[in-house]
Each structure stands twice: as C-alpha cells, then as structure tokens.
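Structural description and commentary
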Amino acid sequence: MKSNAPGGKDFAFEEGKGGETHQHVPSGGNHKSDEAHLTTNQGIRVSDNQNSLKSGARGPVLLEDFALREKIFHFDHERIPERIVHARGSAAHGTFTCTKAIPHLTRAAPFQEKGKQTPVFTRFSTVAGGAGSVDTPRDVRGFAVKFYTDEGNWDLVGNNIPVFFIQDAIKFPDLIHSVKMEANKGYPQAASAHDTFWDFISLMPETLHMIMWAMSDRAIPRSLRMMEGFGIHTFRLVDAKGKSTFCKFHWKPVLGMQSTCWDEAVKIAGADPDYHRRDLYESIEAGSFPAWDLGIQTFDEEFAEAQPYDVLDSTKLIPEEDIPVEIIGRMELNRNPDNFFAETEQAAFCPGNVVPGIDFTADPLLQGRLFSYLDTQKSRLGTTNFYQIPINAPKCPMHNFNRDGLMQTQVPTGRANYEPNSLAEAGEDGGPRECPATGFASYSAQDVGSEAGDRLRVRPELFADHYSQARMFFLSQTENERAHIASAIAFELSKVMLEHVRLRVLSRLINIDDDLAARVADALGMDLPEAAPVARERVEMKESPALSIHKNAKDTLDGRSVAVLYAENSAKKEVEDVCKAIEDAGGTAVKVAPKVGITPAADGQLAGSPSVLFDAVALVLTEDDATMLCKESAAVQFVMDAFGHLKAIGATDGAKPLMDRAGVEADDGVTGLGGDFVKAAAKRFYDREPKVRNLA
Ligand code: HDD
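Attention in this report is confined to the structure presented alongside it.

Conventions used here
Residues numbered from 1 in each chain as written. Predicted model: local features only at pLDDT ≥ 70, side-chain atom pairs only at ≥ 80, totals over all residues. Heavy atoms only, no water. Near = heavy atom within 4 Å. Polar contact = N/O pair within 3.5 Å; in protein donor to acceptor, adjacent residues only side chain to side chain. Nonpolar A, V, L, I, M, F, W, Y, C, P; charged D, E, K, R; others polar. Donors = N, O, S within 2.8 Å, 3.2 Å for Na, K, Ca; no water. Helix = DSSP H or I, 4+ residues; strand = E, 2+ residues; numbered from the N terminus. Pairing = 2+ DSSP bridges. Contact = heavy atoms within 4.5 Å. Axes fitted to C-alpha atoms, helices over the stretch in contact; angles between N-to-C directions. Phe/Tyr/Trp six-rings, centres within 6.5 Å; stacked < 30°, edge-to-face > 60°. Buried < 20%, exposed > 50% of the residue type's maximum accessible area, 1.4 Å probe, protein only. Lys NZ or Arg CZ within 6 Å of the ring centre and 35° of its normal.

**Description of the site of the ligand**
Of all residues adjacent to the ligand, which total 22 residues, the nearest are R83, R123, R369, Y373 and Q377. Between an oxygen atom of the ligand and a side-chain N or O atom of R83, the distance comes to 2.7 Å. Of the residues assigned to the shell around the ligand, the class counts are 11 nonpolar, 8 polar and 3 charged.

Here it is as structure tokens:
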C-alpha cells in the first residue's frame, strides 16, 4: 500500500482491512501517557483524526461529526488582524542585567543594584510590510522590549533609528497610509519606493532627518543582532525623592553594527525571506546569545534649553559627542518562544506601560502613542483582557478591581469588586488598596519651558528647523556611506512616477547638502530645481562620528558565517581545515557544494546557498572543478556577488578559473586559505567599492 506518513504508514487506511476501511489507525503508537490522547476542545477522546463521519463509505459527510466541525471551525478563526504597522516581527525571551546601579537617577526596579536581573521579551520588526513579507527590505526596524520588572511591566518601544519621521502623533496615520501599499493598487509590498510615500515626504520637511537615516545603511541591517536600538523620545528618570532627569535610551549591539549592501539585501529577499528571523532563532538555539548594552544619555533642563533643537522634538537626536552614552546594563536574548502565535504575535507593547522611576515628557509624538497602542491591542487581540495573555501578564503580583469583559480568564472570588470596601473577605483592610508611598506618582513639574498657556494647535518654534540635523547626519558619514544614501534616494525616486514629486524632493535635498542634491539629480538625469523655502534657517552642527556605521564597525567573526564552497575533487582535509579555522575564530562555517551528498557532506546545495547569505566565502576547488563550475551560473554568481558585496574571498590556487570568470580582482580581501583569510573574513572591504559600484 502506498505510504504517505512518517514511519511508512498510510494513516488514511488501516492495513489488512482492505481499501475501503472505516477503522481508526492509532497515531504511531509512540505516545504512552494519558495526556497523549487526542481530544476535542471538550476533552472527548478522538477515535479517528483521518476520516470524517460518513453515511456509508462513499456517502455524504454527516453534520453530526462534532470532531470534524470543531476542528474546521477552530481553523477558520485562527488568524487575528495583523499589526497595522510592524506586522512582520521576530522575538525572543531574555534577561536584562544591571551593570551599573543608578538609584541616584531613578527608582526604577531594574536599575537599583548592580547584578539585578529582570526578565524581558524583545520583538524586532520591519514597519511597512505585512506579516508574511520578507525580512530585508529597506525599512526602519522596530526594537520593542518588555521588561517584566518587580514593580510591573515597562515597555520600551523603540526603533533602530534614533529619530522619527514626524513630530506630532496626529500625522502618524497619514505617514503610514503613504508608505503602505497604495490604496487602489495593493502594492508595493514592504517598500517605500513609490509615489505616495515620497509625495508625503516631500510635503513634510520634518521627515527629512529620518529620511537620511532610512536611506542609509541603517535600514538594511545584516542581522537583527547587529543593529542599535533607541527609545527615541526624551523620557524622564525619577528618583526616590521625586527628582527628575531627562533621559534618552540606547541599545548598543555587542556584536557591533553591520549592514548589507543594497544589492545584497535585494538578493537575500529572494534567497531567504526569513533571513533575520532565522538568524535570530538559530543563534539562540546554538547558544550564541544576542546581546545589547543599554545606555542612557541624561541631561537637565539647563542643557535642554541651551540646544539649537528642542529635546521634545522626536525628529532630533542628542549627539553622543555632546552627551556621552553611559552603559548601565546588558540584555541577553537566550530563549526562543515556544509558540510563535501565542508569544510573538500576541505580544502587546504599549509605550504607556511605565513603572515607578520612569515617566513621560510632553513630546507630542509620545503623548499620541500613549493612546494608540492600548487602543490597537483591543482591535488586534479582541478584548481589554489582553493583559491576561501569558506573554503580556506582569510577573509581579497584580491585584485590582477591573472585572469581567470578553475572554475573562481570571476567577475573582467573593463580593468585593470595588474600592474602598470593608468586607472581611477582602482581607483586614478591604484591600487591595492604593499605595501612596510606593505607587506610581506622575512627575508633577512642567517640561522644558512652560506648559501653561492657551489651547493651541501649534508647534514649538525650534521644531521648525528641519534641516540642521539631517545635514549633520549626512556629513557624519564616510564617503562610501554618503554615496549609499545618494544612490538609495535616487533608486527610490526612480520608482516615483510623478515628476513634480521628484522635483520637490530634490528642492528639499538642496537644503540638506548641495552635493547630495546634485548627485541624486545626476543619478536621475534631472536638472536641479530651486531650493525649497525653509521655515527656519539651518544651524551648522558639528559632525557626529557616532552616527556612522563604518566608523564604528567591529572587525569580528562572532555571529558571522562563512561559506566554504567545494566540489567532488576537493581535498577533504583542506575543506575541514578551513572550516575549523573559521570556527576557532568564532565564526560559523557552512559547507556548500554543487551536490549535498558528496564527501564531506555539504550543509547546503550551491543553487540554494548563494553567497549573499554569508559574510565571507572560501573557495576550496581544484582547477578541474573550478573550470567545470565556470559553466554553472550559480557558482559564477556566488563569487561575483561575494566580490561585489565587498566580502573576503579566500581561495585555493585551483579556484582561479572561477575567480577570473567572476571578475575578481586582487585586493586585501582576496587571500589564500590561511590565517589571512580568517582575519579578512571578519570585515568588509569598502576600499573595493569603487571597483564594483559607481560612488559618484
Ligand atoms: Fe509605533 C507598533 C515603534 C510612533 C502606533 N511601533 C510599533 C512597534 C514598534 C513601534 C517597535 C511594534 C511593537 C511590537 O513589536 O509589537 N512607533 C514606534 C516608534 C515610534 C512610533 C519608535 C516613534 C518614536 N506608533 C508611533 C505613533 C503611533 C504609533 C506616533 C500612533 C499615533 N505603533 C503604533 C500602533 C502599533 C505600533 C498602531 C501597531 C501594533 C501595535 O502598535 O501594537 O499602535
């Protein structure tokens, strides 16, 4: 009999009873305990999970088959609305460890003693794409951390970019509508390169600082483990005496920052749409736990008042050179979720979740967020009781008189469901009662400047400077990074069909930097228009080297993977030696060959393992094999891309025909297979870039 199940059994039929069987076949017989019995939601054991109940072997299915009805009914309702933004995400559990206590700044529980550990759940995401979109579009990445503190949940819901597109939450729906797929067409998916986004951007110059970041390599990270995170807004830290200090939060990746090349990111999207999700999951499974240091920039009102920007404006950052980032702890992600839906999908982050010691400021973007997130969870998770879902529930005691509602899972006992009460059942004091001494008390003083005044729909004056920091960001980049920004904008605008929108963007770019505007215009083959009028004159800010990825890159093989390409005639020992050298240096070696079954066995087949998925490549090939592979486009592309994406290539002499075919030219990143290669594999070779890409 034909087999369609593991273990060679055909579950739809029971052997020995003829083709037209109606008997149940047990599920492999390897479950022993009672819990292993398959039951309905009502606990009734299911006798047959392969065949619906029919009237006669070929007869109609009977409606009375409750096992069938229940199974299909439940399946039909498995999906919930995806997040309106940040729908595509990956998450992990972990621990935050305080490395420097700061009770003089805040009474927040995670920061009271050095060594104090707080459980966390962290979700990374892209913004524009749907839940099933790819991991590597050009996009901002969400970086949301839920701290399950001893005094309640604190959600630090940030991004991998320290500023935001808009200044006031009232513009958020417009921004998101413009970037998502176009309303009439339903495309493009997960892409900002289209008319409506750039139309909005060009009409809203406050977006331009973040546009510089979004068009930079920050928006095409190599790995979620290799990007920074930011709380963005100015928050308040409040100590036990009620003293407040302004604070910006930063996450610094222990593996260092790294990005892909644009061409690489595009190709990864096809080769492995789950590139970042897989990388996060597999690194945790392998015990190589992703980690970030948490840093703070703290300052007072006097500093705030002295800056040429407003610290309540989320389109502005505070240069690290002005206020250094002080590291106060480390987050390590060390456990994958057991169930993607139950944990990652149902995780509900709310910037409004703060704990004693952390407070808001009057940043108008933050204030709007305080409403939006709570509200959206009700629509996504269907009930105000979403806080009872295990991933969202606090790990500290929680008592109150919120009652009932859809999907209430708690069973409070007794009559006392109001406060105050004096019923004995609720304890001597009729608790739970409010706690003035230790409870959350909102910081009472005003933010910078005066909060009193008429009711106005206006913005503070300094919010009108849209260009100074955009320029500072651009000028703080290396030559290569500036070129990447120019070509990213040119690429995006090349997808914009409306000429007046392209022109308007160019007119704004002039206000950031003449050279940038000229390069973009040239790449588009357009003439530069007049500069757009500005609402407030630009001020010249010092360059901030901290804003560049390349200036802060870390040469390391930690967390990086190297492909070792070999073929049938390759010397086994040579393959194994290079793999060992890579592993000894902290990297992961992945064996790639045209046929997976050769010796040594390959981890990946060449056609399915392009070099874009790796950080460097080793070519362990005989001349015959290399000559044979010259006729294999996957092999030629493998080498050509590694070279074009500025990766180290270590090769045997025999690999030369393939390298020549792929156009590899000698440079520091092209080595033999010895120690030089392992050293080279720890970085990218940006000096090579002018050979493979027009950086003008
Ligand atoms: Fe937001 C989700 C980050 C402004 C409204 N946002 C969401 C997530 C992140 C951010 C990381 C995903 C959380 C998760 O993994 O579940 N958002 C930001 C940052 C912002 C920001 C860093 C500016 C500094 N967001 C912002 C504004 C609004 C929203 C101004 C609305 C006025 N954001 C939402 C939302 C989402 C969301 C619609 C969708 C899913 C969710 O909340 O839970 O409410």
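Right, picking up where we left off after that structure.
**Brief notes about the coordination of the iron atom of the ligand**
Coordination of the iron atom of the ligand by the protein comes from a single atom, Y373 (OH), at 1.7 Å. Positionally, Y373 belongs in helix α9 (residues 364-381).

**Considerations on the sheet that holds strand β16 (residues 670-671)**
In space, the 6 strands of this open sheet follow the order β13-β12-β11-β14-β15-β16, with parallel pairing throughout. One side of each edge strand has no neighbouring strand; the edge strands of this open sheet are β13 (604-605) and β16. In this structure, strand β12 (residues 588-593) lies alongside β13, joined through 2 bridges in parallel fashion. Among the inter-strand pairings, V592 is bridged to a residue of β13, identified as G604. Running at roughly 150° to β12, helix α14 (residues 572-584) makes contact with β11 (561-566), β12 and β14 (616-620) of the sheet. Helix α16 (residues 633-644) contacts β11, β12, β14, β15 (648-651) and β16 of the sheet and is inclined by roughly 140° relative to β14.

**Here we look at the packing of aromatic side chains**
Using the criterion set out here, one finds 20 aromatic pairs in the structure. With a centroid separation of 5.3 Å and 35° between ring planes, the pair formed by F124 and W292 is classed as tilted. Placement of the pair is F124 in strand β2 (residues 117-126) and W292 in strand β8 (residues 291-299), with a sequence separation of 168 residues. By the burial criterion, F124 is buried, and W292 matches it. A ring pair is formed by F165 and F197, whose centres lie 6.1 Å apart and whose planes are at 80°; its orientation type is edge-to-face. Of this pair, F165 sits in the loop between β4 (152-159) and α2 (172-179) while F197 is found in helix α3 (residues 195-203), placing the two residues 32 residues apart along the sequence. Of the residues examined, F165 reaches a relative accessible area of 9% and is grouped as buried. An aromatic cluster is present here, built from F96, F111, F124, F143, F147, W154, F235, F249, W251 and W292 joined pairwise through their rings. Its end group placed over the ring of Y148, K395 keeps NZ or CZ at 4.3 Å from the ring centre. Residue placement shows R482 over the ring face of F474; its charged tip is 5.6 Å from the ring centre.

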